Amino acid sequence: MPRNYEYKELRSNLKELFLSCWKYRALYIWAFVLLLITNGFAVLIPYMTKLAIDENALKGDDFLAYRYPLWILFLALCQFIFRTLSRICVYRACREQEHDLRVQLMQSLEYYPMHSFDETRRGDLVTNMIEDTSQVRALAGFGFIQVGNILVAYLFCVPMMISISAKLTFVSVLFYPLLLIFIGWMNQKLYERNLKVKEKLGDLTDFGSQVIEGIHVPKCFHAHEGLQKRFDALNKAHFEISWQTARLDILLLPGLVLIASLGEWAVIRFGSEMMVLGTITQGDFLAFHGYIAYLLFASIAVGFGVSTFNRGYTSYVRLRNRFAVHTELGAKSPASVPLNFSPSMLHFDNVQFRYPGSSKDHLNIAHLELPLEGLIGICGPVGSGKSTFLKLILRLYEPHRGEIRLNEKPLEDYTPFEIRRVCALVTQEPFLLSRSIRENIEYYEASEGGQSPYLARLQDSIHKASLERDLGSFKLGFDTIVGERGVRLSLGQKQRVCIARAFYRQKPILMLDDPFSALDTITEEMILSNLLNIKDERVIFLVSQRASTLKRCDRILIFDEGAFMGIGTPAQLLASKNFFSQINRLQENMEVS
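Parameters at a glance
- Residues numbered from 1 in each chain as written.
- Predicted model: local features only at pLDDT ≥ 70, side-chain atom pairs only at ≥ 80, totals over all residues.
- Heavy atoms only, no water.
- Helix = DSSP H or I, 4+ residues; strand = E, 2+ residues; numbered from the N terminus.
- Buried < 20%, exposed > 50% of the residue type's maximum accessible area, 1.4 Å probe, protein only.
- Contact = heavy atoms within 4.5 Å.
- Areas by Shrake-Rupley, 256 points an atom, 1.4 Å probe, with all protein chains shown as cover.
- Phe/Tyr/Trp six-rings, centres within 6.5 Å; stacked < 30°, edge-to-face > 60°.
- Lys NZ or Arg CZ within 6 Å of the ring centre and 35° of its normal.
- pLDDT = per-residue confidence, 0-100.
- Core = buried A, V, L, I, M, F, W, Y, C linked by side-chain atoms within 4.5 Å.
- Expected span 1.5 Å × (residues − 1).
- Arc of directions from axis to C-beta.
- Salt bridge = Lys/Arg side-chain N within 4 Å of Asp/Glu carboxyl O.
- Polar contact = N/O pair within 3.5 Å; in protein donor to acceptor, adjacent residues only side chain to side chain.
- Pairing = 2+ DSSP bridges.
- Patch = residues over 30% accessible without salt bridge, like charges linked within 9 Å, V, L, I, M, F, W, Y side chains within 5 Å.
- Axes fitted to C-alpha atoms, helices over the stretch in contact; angles between N-to-C directions.
- Parallel < 35°, antiparallel > 145°, perpendicular 65-115°, else oblique.
- Nonpolar A, V, L, I, M, F, W, Y, C, P; charged D, E, K, R; others polar.

(A) Representation of the overall build of the chain within the structure. Along the chain, the regular secondary structure elements total 20 helices and 10 strands. The buried share of the chain, reckoned over its 593 residues, is 47%. When contacts within the chain are restricted to residue pairs at least 6 apart in sequence, long-range pairs at least 24 apart make up 78% of them. A total of about 31100 Å² of accessible surface is found on the chain, and carbon and sulfur atoms cover 61% of it.

Written as structure tokens, this is what we have:
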């Protein structure tokens, strides 16, 4: 049963791989036609050798010695030209396929559900994007050349060999079934080993990328020795499985040469005897030897093809599994919600949510009716569900129970794209691309190259995020490159770039998840004043732990240990015992002291 299942899976994957190549069929067809012509010229070279030897034996002194060498040189030149053209077609097709696979992978990842990201290591995604797409390209390109070459070689050479001697042809290919058995056995072993190699490479890449990204932490804690031990263990695990795979690769080519050389032995053993008996001529023997050598070369190339096939097939299976993950429902559908959408009311009824793999609820809201207007504050202890509340509204995650309604319409009736199209989010941890400040704010919404058509909007968002003074200190202004994940900026500057990005989008719903944690009081006050100036134009959710900030809100939501505890105006909440009144009292006491 397992073997039958593996065969069906192999057949299904190869079918999908073939269909993925179908888009480039014109280039592959031209490559195959050119390959036919190439091999046609190739098999004529031994035939010219046969004619030269036999005619020399017949004519003696009257033989024109220069004629056949010139023909062979001409045929070799034609073979070179047409093989080059064939390889150009193949390499163009497989490079286009690699490019399109990366585009397809990126598009899939853009619409991946968040729970799939939570379950996937970043190292695996990097390996998918770089290594796996390259291996599929090698399979589609080099694999096509090798398969096409051996098929055409047998198609042309075997008839020519039979025309010389059917008996000699039979004994020369008698050992080739052993070749197929050996290739099949190696193919299975290499496939299993390559899967493990990819897995260990993902472990190594994931750990290495995390260390490099946060290298300042081990530097500060002088934790180099512990990290080095962990890296050495992962690197050793990858080395050991890679070496086991390499040992199989080492055996592959010599094994193929050994088995294929048995055919060469048969040609010399029986061919020389037939030549002595006069069954075949000297020219026939040399031509036959040329054909069997050509087949031997093609068969040995299968060894490289098997290794390429296994790496490429393993990579394609990994990519196909990535593509098979269901994207967010409706994420690629046209939006029916206009950009001037006016949110008015948000309802939560018996909503429960827990993150994948957790045994406890991370958010529990029995009932909430929230008019969407003005500045809405959100507060609560660390891990109380504040960020999760915003993620559920954005449909980054789906509640396990209950219903969320927006404007009296179930949230699930809106596609995720429709919801996010009218929202702008500033996360707790600022995320920046390693590009310019302008690109991180615009997110490529403006046209690339030249002056941005949205320059006024860009400058306005920078002003509202209180980023102007910082830009003045940069030589290139908002065209300054921020470095890997914004390494050249301070944490406060990174937060303000993210705030400017949210202002730039001009969405009806603005979500700020603790955006002032790294800002000084003066800068926070400037940004908060800008928020208050636009609160009548859009609804603003503001997560904060500062009572002075929350007092400026129209209403405040309170969460504690994943549960929604209540809602009210700052004055109402200060008059009762709750988290907001507690932090207000503590912060006032600290200011007095």
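Let's pick the thread back up.
(B) Layout of the packing of aromatic side chains. Scanning all chains against the criterion turns up 10 aromatic pairs. Ring geometry for Phe389 and Phe559: centres 5.3 Å apart, planes at 50°, overall tilted. With Phe389 in helix H11 (residues 386-393) and Phe559 in strand E9 (residues 555-560), the pair connects residues that are 170 residues apart, well separated along the chain. For Phe559, a relative accessible area of 0% translates into the label buried. Through successive ring pairs, a cluster of aromatic residues spans Phe348, Phe389, Phe541, Phe559 and Phe564. The residue whose ring lies beneath Arg457 is Tyr504, and the NZ or CZ to ring-centre distance is 4.2 Å.

(C) Just the confidence of the model for the chain, in detail. Of all residues in the chain, 90% attain a pLDDT of 70 or more, and the chain-wide mean is 83. Per-residue pLDDT, averaged within each element of the chain, yields its smallest value for helix H8 (residues 216-221) (64) and its largest for strand E3 (residues 375-379) (95).

(D) Molecular detail of the nonpolar core. Residues Ile441, Leu510, Leu531, Ile556 and Phe580 are the most contacted members of the largest nonpolar core, which totals 42 residues. When residues of this core are assigned to their parent elements, the largest contribution, seven residues, is made by helix H16 (residues 491-505). Once residues within four sequence positions are removed from consideration, Ile441 is found in contact with Leu458, Ser461, Ile462, Val497, Ala500, Arg501, Tyr504 and Arg505. Within the second largest apolar cluster, 33 residues are counted, among which are Leu372, Ile404, Leu411 and Phe541.

(E) Spatial organisation of helix H17 (residues 521-534). Here H17 spans 20 Å end to end across 14 residues, near enough to the 20 Å set by a 1.5 Å rise per residue. When H17 is considered as a whole, its buried residues turn out to be Thr523, Glu524, Ile527, Leu528, Asn530, Leu531 and Ile534. Axial view of H17: buried residues confined to an arc of 155°, hence all on one face. Away from the buried face of H17 by more than 90 degrees, exposed residues Thr521, Ile522 and Asn533 are located. Against E3, helix H14 (455-464), H16, strand E7 (509-513), strand E8 (539-543) and helix H18 (547-550) lie the buried residues of H17.

(F) Structural context of the pattern of salt bridges. Summed over all chains, the structure comprises 24 salt bridges. For the salt bridge of Arg435 with Glu439, the shortest nitrogen-to-oxygen distance reads 3.4 Å. For Arg435, a relative accessible area of 38% translates into the label partly exposed. Of the charged contacts, one joins Asp479 and Arg438 as a salt bridge, the two residues approaching to 3.0 Å between their closest N and O atoms. One end of the pair, Asp479, is in the loop between helix H15 (468-472) and H16; the other, Arg438, is in helix H13 (residues 437-442), with 41 residues separating them in the sequence.

(G) Seen up close, the side chain of Arg538. Turning to its location among the elements, Arg538 is positioned in the loop between H17 and E8. For Arg538, a relative accessible area of 12% gives the class buried. Setting aside residues up to four positions removed in sequence, Arg538 forms contacts with Gly374, Gln506, Lys507, Pro508 and Leu510.

(H) Fine view of the environment of Ser20. Counting through the fold element by element, Ser20 comes out in helix H1 (residues 2-22). Distance in space between the C-alpha atoms of Ser20 and Asp100 is 9.9 Å, their sequence separation being 80 residues. If we ignore the near neighbours within four places in the chain, the residues touching Ser20 are Gln97 and Tyr316. Among the polar contacts made by the side chain of Ser20, one reaches the side chain of Gln97 at a distance of 3.2 Å.

(I) Structural detail: the pairing of strand E4 (residues 401-406). Sheet analysis places strand E1 (residues 345-353) next to E4, joined by five bridges and oriented antiparallel. Bridge pairing in E4 links Gln352 to Arg401. In the sheet, E4 pairs with strand E5 (residues 409-410) via two bridges, with the strands oriented antiparallel. Bridging across to E5, Arg405 finds its partner in Pro410. Hairpin connection, E4 to E5: the antiparallel pair is bridged by two residues, and Asn407 has positive phi, about 55°.

(J) Highlighting a nonpolar patch on the surface. On the surface, Leu77, Phe80, Ile81, Leu85 and Ile88 cluster together into a nonpolar patch covering about 480 Å² of accessible area. Of note, Ile88 is situated in helix H3 (residues 67-110). Ile88 sits in the exposed class, given a relative accessible area of 51%.

(K) Structural detail: the packing of H16 against H17. H17 packs onto H16 with a crossing angle of 10° between their chain directions and a minimal axis gap of 13 Å. By the criterion of interaxial angle, the relationship of H16 to H17 is roughly parallel. For the pair H16 and H17, the contacting residues are Arg496, Ile499 and Phe503 in the first and Thr523, Ile527, Leu531 and Ile534 in the second. In terms of residue class, the contact of H16 with H17 is made up of five nonpolar, one polar and one charged.

(L) Representation of unusual backbone geometry. Positive phi, close to 60°, is recorded for Arg395, a residue that is not glycine. With respect to the helices, strands and loops of the structure, Arg395 is situated in the loop between H11 and E4. Assessed through its relative accessible area of 9%, Arg395 is described here as buried. We note that Ser466 has phi near 55°; this positive angle belongs to a residue other than glycine. In this structure, Ser466 sits in the loop between H14 and H15.

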